[in-house]
Amino acid sequence: TGQAAGLDGVADAVAVALRSLAADDDTEFWYLQHTRAEDAVFRRLAGALPGLRRCRYAAPGLAWTYAQLDLVVSMMLHSTLLACAAGVPVVNVAYDDKNTAFFADLGRPERSLAAAGVTPAALVAACRAALAAPRDREQALRARYTAATDGFVRDLAALLGRA
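Residues numbered from 1 in each chain as written. Predicted model: local features only at pLDDT ≥ 70, side-chain atom pairs only at ≥ 80, totals over all residues. Heavy atoms only, no water.

Caption draft 1: Inspection of the overall build of the protein chain at higher detail. The helix and strand tally for the protein chain stands at seven helices and five strands. Along the protein chain, helices (α) and strands (β) appear in the sequence α-β-α-β-α-β-α-β-α-β-α-α when read from the amino end. Computed over the C-alpha atoms, the radius of gyration of the protein chain is 16 Å, within 12% of the 15 Å expected from 2.2 N^0.38 for a compact globule of 163 residues. Here the C-alpha coordinates of the protein chain stretch approximately 50 × 35 × 30 Å along the principal axes. Burial statistics for the protein chain: of 163 residues in total, 37% are counted as buried. The contacts of the protein chain with a sequence gap of at least 6 include a subset with a gap of at least 24, amounting to 48%. Of the roughly 9,000 Å² of accessible surface on the protein chain, 58% is carried by carbon and sulfur atoms. (Helix = DSSP H or I, 4+ residues; strand = E, 2+ residues; numbered from the N terminus. Rg over C-alpha atoms; globule rule 2.2 N^0.38 Å. Buried < 20%, exposed > 50% of the residue type's maximum accessible area, 1.4 Å probe, protein only. Contact = heavy atoms within 4.5 Å. Areas by Shrake-Rupley, 256 points an atom, 1.4 Å probe, with all protein chains shown as cover.)

Structure below.
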């Protein structure tokens, strides 16, 4: 898949960037694992980030965990969606056009970095900018997506005759 292409370079850039952030701040890293296929990525990052916590929970536990974070660095769109739903700033390493398009739709194209050629410096800069941004915009995004989801559920219920 597009996600797997060049993953080695991305994992290295993420590890270097996160170590840089940790050097300046009291930082704790959590890896929110969604599938077993991520075991190798977790092991690789854990080797580079001592103390990395792995969180493997069912959907409600993951949703709660996302809401506890100050920042999410993601590669998968569903991780980005969960962060947005929690009102948490997110920086995405985009391996696919859908990721870039999503951030353009959010009005935050600077939060989506192309996986091909991503550098630790660019990732650190994007993370610092996301952390420094006022949280009210993140909360507005959360409200926007909550309203859109509620509307979708109402439309689906009506379509199924359960409105």
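Caption draft 2: View of the sheet that holds strand β4 (residues 90-94). Pairing is parallel across the open sheet formed by three strands, whose spatial order is β3-β4-β5. Edge positions in the open sheet fall to β3 (72-74) and β5 (112-114), since each of these has one partner strand only. With direction set aside, neighbouring strand axes in the sheet form an average angle of 15°. Across three bridges, the pairing between β4 and β5 is parallel. The residue of β5 that forms the bridge with Val93 is Leu113. Contacts between helix α5 (residues 97-106) and the sheet are confined to β4 and β5, with β4 contributing the most and set at about 150° to the helix. (Pairing = 2+ DSSP bridges. Axes fitted to C-alpha atoms, helices over the stretch in contact; angles between N-to-C directions.)

Caption draft 3: Broad picture of the packing of aromatic side chains. With the rule as written, the count across this model stands at two aromatic pairs. Ring centres of Tyr31 and Phe42 lie 5.7 Å apart, and the angle between their planes is 65°; on these two criteria the pair is classed as edge-to-face. Placement of Tyr31 in strand β1 (residues 30-32) and of Phe42 in helix α2 (residues 39-48) is noted, with a sequence separation of 11 residues between them. Both rings, one in Phe102 and one in Phe103, keep their centres 5.8 Å apart while their planes meet at 85°; by these two values the pair is edge-to-face. The pair Phe102 / Phe103 is uniform in exposure class, with both members buried. (Phe/Tyr/Trp six-rings, centres within 6.5 Å; stacked < 30°, edge-to-face > 60°.)

Caption draft 4: Representation of the environment of Val73 within the structure. Relative to the helices and strands, Val73 is located in strand β3. For the pair Val73 and Tyr31, spaced 42 residues apart in sequence, the C-alpha to C-alpha distance is 9.6 Å.

Caption draft 5: Inspection of the pattern of salt bridges at higher detail. This model, assessed by the stated rule, comprises four salt bridges. Residue Arg53 is joined to Glu28 by a salt bridge in which the shortest nitrogen-to-oxygen separation is 3.4 Å. You can see Arg53 sitting in strand β2 (residues 53-55) and its partner Glu28 sitting in the loop between α1 (7-24) and β1, a full 25 residues away along the chain. Using a relative accessible area of 44% as the deciding quantity, one classes Arg53 as partly exposed. Since its relative accessible area comes to 49%, Glu28 is described here as partly exposed. Here Asp39 ties to Arg54 by a salt bridge, and the two come within 3.1 Å at their closest N and O atoms. Separated by 15 residues along the polypeptide, Asp39 in helix α2 and Arg54 in strand β2 bring together distant segments of the chain. Within the structure, one salt-bridge network assembled from shared partners comprises Asp39, Arg54 and Arg56. (Salt bridge = Lys/Arg side-chain N within 4 Å of Asp/Glu carboxyl O.)

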